[in-house]
Structures are given as structure tokens and as C-alpha cells.
Amino acid sequence: MRVIKDLGEWFDFRLKLGKPIREAMEHPVPRNTASWAYVFGSASLTVMILQFVTGICLAFVYVPAADGAWNSLQTLNHQQAFGWFIRALHGWGSNFMVALVIIHMVQVFLFGAFKYPRELTWIVGVFLLLMTLGMACTGQVLRFDQDAYWGLGIGASVMGRMPLVGPKLVHLMLGGPIIAGETLSRFFAIHVFIIPSMLMAFVGVHVLMVLKLGINEWPVPGRIVKRETYLKEYHELTHRDGVRFIPDAFRKDLVFSGLIIIALVLCAAMVGPIGPKGQPDPTVIQAIPRPDFFFLWSFAALALLPANLETPLLIVGPLIGVGFLVALPLISGTGALLHASITGDQGE
């Protein structure tokens, strides 16, 4: 124990990280935020770390080439020790992460945590959601089976309908006029290098702002967010009725994240990996590709929308939705908290 203590002091004297880490662990939060409603952010981070670990394991075997991707997944499924289980963890972990991030954003929205002074925290969270969906989308392409091949073809067709820049974006995405080996290489680079790097950077900024600005208090009827008084009222609340993040508020985060990991492991063990289905074959035009659940809305829209509405809604609709989410804290950064104004519950 003495050796470990001396080693820790040696590193701390040179890195000077002990004090910032203690401050982060012990920073006060309102007592009511130490509840089960606030556990989804930590669970999302936990699953993201698991995705990085399992993704690195898979990258040792996966071959990002048109003539080798499908066979490398078969090797993982049937020949590599525990390869099928790691694939299952990674595949279902993607689904879990998307669901957790969406639930976390809904909770933040309902509790008014996008308001002053946390506007930028919300906007960074919107980009984290887009990056999470991007990871899920590019990961589905890397399966490079029939679903992935024809699903990518549908996506390229939709993108190609964009005026002026559509054909250029398709060429940039596919690396040429058709889906080929260069397409898979580009998606592999995006999935393994570009988006994860951005994800880690944005998560770091997101967590830093949470530590600096505090965790939003539970919404209470009659409590109004005002720029002139909010920070003073928040600090008074944490001083009067605050608890340390670790261990007081962190217990529920730890328990819930553990339950999520257990559920993910059980799902992976019982259901197994997702695909790959048949080898990609451009001559088999009877394929009916189905995306993973988080993109089923666009799949349903293509099937249900009249032909003349497909292009404007599939192209303009998501842009309007993302624009609304980014603009929300800028146009509604003060005022009553939404959850309290709707439910009128949870008094002090």
C-alpha cells in the first residue's frame, strides 16, 4: 500500500491532476438530481466505452475490403474464439447506445436542462446524437451483406436527389459511381477513425460543461429561469440542499449502468450477433433491405409517402428537425421549466 501511495504522489506531483479529479468527484449537485431520472447520461457513456473496446477487438480480424468483409465476419461468428459474442456485444451495444442517448435527450428536454446557462451543453448533445446515429449507420454498412448493400444503395439514391450537390455527395460517399471496395474503405475510415475521434472530443466538452455548470435541478412549479438570478439561486440551492456527486449521486448511475451492461450481455448471449445475411450481390434485385430500428422511420416513410413527397420530406425533414433542436435553447433559453409546467408535480 505504501508503494502505491508513493507512486500516486509521484505522478500527482508532476501531472497536478489530483485536485481537479477530487473537485470533479466531489462537486455538489442538488439533492433531487440524485434520482433515477438522471442516470441515462452516465449509462450512455458506459455503453460508448464498451463500444470502443469491442470495436478495437473486432478491428483485429475484420477485413475492410469488398471481397473480404463478409468472410471476415463469418470467421468471427464461427471460427474465432468468442468472436460471435464480441460481435453481438458490439452490434446490440449500438442499439442500446442509440436508445439511451435518445432517452437522455428526452429527459433533458422535459426537465428544461437546455435552458440558461446550459444552452451549449444541449447543442453539443444534439451533435453527439447525430454522431451516435452516424456510428450506427456506418457500422451497419460494414456488415456488407445484402441488407447493407441495398440499404446503402437506397441511401445513395435519396442523397442523389438533393439539388445541385446531390451527385457530388454520392460520389464522395461511395468513392465512385457504384458501391465497391473503395466504398467500404471510406465507411471503415469514417466508422473507426473520424466519428470516434469527434465523439471523444465532444463527449469531453460535454462532460466538462456539466462539471462547470452543474447538473440541472429537478423542475419545480413556480421556479423560473432568469438570466439575472439563476446562477445565484442555483449555487444557493446546492449549498443549502446539495450532495456530493461521488458517492451520493453516483450510486444510482453505477447501479443503472451495471444493469444496462448485464442486460446487454444477456441480449448478446441469448440473441447472438446481427448478421451478416447473404453475401452482397448486385444481381439479386429482389432483396428487401431493412435498417436497424433507429432508421425504421425513414424505411416506413419511403413505403407510406406519396411519390411526390418522398424527396422533400426525406431531405428537408431531418434538416428542419436538427435545426429546431439546435435553435431550441436559443429561442427558449429562459422561462418556466417544461416538465414542471406540464405536470405541476414534485414540490420542494
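Residues numbered from 1 in each chain as written. Predicted model: local features only at pLDDT ≥ 70, side-chain atom pairs only at ≥ 80, totals over all residues. Heavy atoms only, no water.

Visitor: What should I look at first to understand the overall build of the chain in this one?
Guide: Counting secondary structure elements, the chain contains 14 helices and 4 strands. The buried share of the chain, taken over its 348 residues, is 40%. Taking all contacts inside the chain whose residues are at least 6 apart in sequence as the whole, residues at least 24 apart take part in 82%. In the structure as shown, the chain presents an accessible area of about 19,000 Å², 71% of it carried by carbon and sulfur atoms. (Helix = DSSP H or I, 4+ residues; strand = E, 2+ residues; numbered from the N terminus. Buried < 20%, exposed > 50% of the residue type's maximum accessible area, 1.4 Å probe, protein only. Contact = heavy atoms within 4.5 Å. Areas by Shrake-Rupley, 256 points an atom, 1.4 Å probe, with all protein chains shown as cover.)

Visitor: How should I be thinking about the nonpolar core in this particular structure?
Guide: Soluble globular proteins: nonpolar side chains tend toward being buried together. If you look at the biggest cluster of nonpolar residues, it comprises 31 residues, and the most contacted ones within it are M97, L100, W122, L128, L199, F256 and I260. Put simply, the parts of the chain that give this core at least two residues each are α3 (40–59), α5 (83–110), α6 (119–142), α9 (181–213) and α11 (245–271). Ranked by the residues each element gives to this core, the list is headed by α6, at 10 residues. Other than its neighbours up to four places away in sequence, I260 contacts A43, V47, F96 and L100. Residues Y62, L174, F187 and F188 belong to the second largest nonpolar core, which totals 18 residues. (Core = buried A, V, L, I, M, F, W, Y, C linked by side-chain atoms within 4.5 Å.)

Visitor: Would you mind showing me how to read the packing of α6 against helix α13 (residues 307–331) here?
Guide: To describe two helices that pack against each other, one gives the angle between their axes and the distance between the axes. Two elements in contact, α6 and α13, have axes separated by 8 Å at closest approach and are oriented at 165°. Regarding the angle of α6 to α13, the classification is roughly antiparallel. Once α6 is placed against α13, the crossing between them reads as right-handed. On α13, the residues touching E119, W122, I123, V126 and L130 of α6 are V322, L325, V326, L328, P329 and L330. Its residues placed into classes, the contact of α6 with α13 shows 10 nonpolar, no polar and 1 charged. (Axes fitted to C-alpha atoms, helices over the stretch in contact; angles between N-to-C directions. Parallel < 35°, antiparallel > 145°, perpendicular 65-115°, else oblique. Left-handed = near helix turned anticlockwise from the far one by under 90°. Nonpolar A, V, L, I, M, F, W, Y, C, P; charged D, E, K, R; others polar.)

Visitor: Honestly, unusual backbone geometry in this entry has me stumped. Any pointers?
Guide: When glycine is set aside, most residues are seen to have a negative phi, and most peptide bonds are trans. The linkage connecting Y116 with the following residue, P117, adopts the cis geometry, with an omega of 5°. By secondary structure assignment, the location of P117 is in the loop between α5 and α6. Omega for the peptide link from I246 to P247 comes to 10°, which places this bond in the cis form. If you trace the backbone, P247 turns up in helix α11. Of note in this structure, F82 is not a glycine but carries a positive phi near 60°. Along the polypeptide, F82 turns up in the loop between α4 (69–78) and α5. What makes F82 exposed here is its relative accessible area of 61%.

Visitor: I would appreciate a short explanation of α5 in the present structure.
Guide: Each full turn of the α-helix corresponds to 3.6 residues, which orients residues three or four apart in the same direction. Taking 1.5 Å of rise per residue, 28 residues should cover 40 Å, and α5 covers 40 Å from first to last C-alpha, within 8% of that figure. Phi for G112, located one or two positions after α5, is positive at around 65°. (Expected span 1.5 Å × (residues − 1).)

Visitor: What's the story with the packing of aromatic side chains in this structure? I'm lost.
Guide: Each aromatic ring pair is summarised here by two numbers: the centre-to-centre distance and the angle between the ring planes. For the coordinates displayed, the defined rule picks out 15 aromatic pairs. Ring plane angle 75° and centroid distance 4.9 Å describe the contact between F111 and W218, whose orientation is recorded as edge-to-face. In this pair, F111 sits in the loop between α5 and α6 while W218 sits in the loop between α9 and β2 (224–225), placing the two residues 107 residues apart along the sequence. Side by side, F111 and W218 carry an identical accessibility label, which is buried. An aromatic cluster is present here, built from Y38, F111 and W218 joined pairwise through their rings. Positioned over the ring face of F13 is K16, at 4.5 Å from the centre of the ring. Across the ring face of Y234, the terminal group of R118 is positioned such that the distance to the ring centre comes to 5.1 Å. (Phe/Tyr/Trp six-rings, centres within 6.5 Å; stacked < 30°, edge-to-face > 60°. Lys NZ or Arg CZ within 6 Å of the ring centre and 35° of its normal.)

Visitor: Help me understand the side chain of H206, please; the structure alone is not making it clear to me.
Guide: Tracing the backbone shows H206 in helix α9. What makes H206 buried here is its relative accessible area of 16%. In this structure the side chain of H206 is engaged in a polar contact, spanning 3.3 Å, whose partner is the backbone oxygen of T121. Look past the residues within four positions of H206 in its chain and what remains in contact with it is H104, T121, V124, G125 and L128. (Polar contact = N/O pair within 3.5 Å; in protein donor to acceptor, adjacent residues only side chain to side chain.)

Visitor: Explain the pattern of salt bridges to me, please; I cannot follow it from the model alone.
Guide: One side chain can pair with another of opposite charge once the charged atoms of both are near each other. On inspection of all chains with the given rule, the structure shows 6 salt bridges. D6 is the salt-bridge partner of R2, the closest N and O atoms lying 3.4 Å from each other. Pair noted here: R2 and D6 are both in helix α1 (residues 2–15), with a separation of 4 residues, about one helical turn. Owing to a relative accessible area of 54%, R2 belongs among the exposed residues under this scheme. Here R244 makes a salt bridge to D248, at a shortest N to O gap of 3.7 Å. (Salt bridge = Lys/Arg side-chain N within 4 Å of Asp/Glu carboxyl O.)

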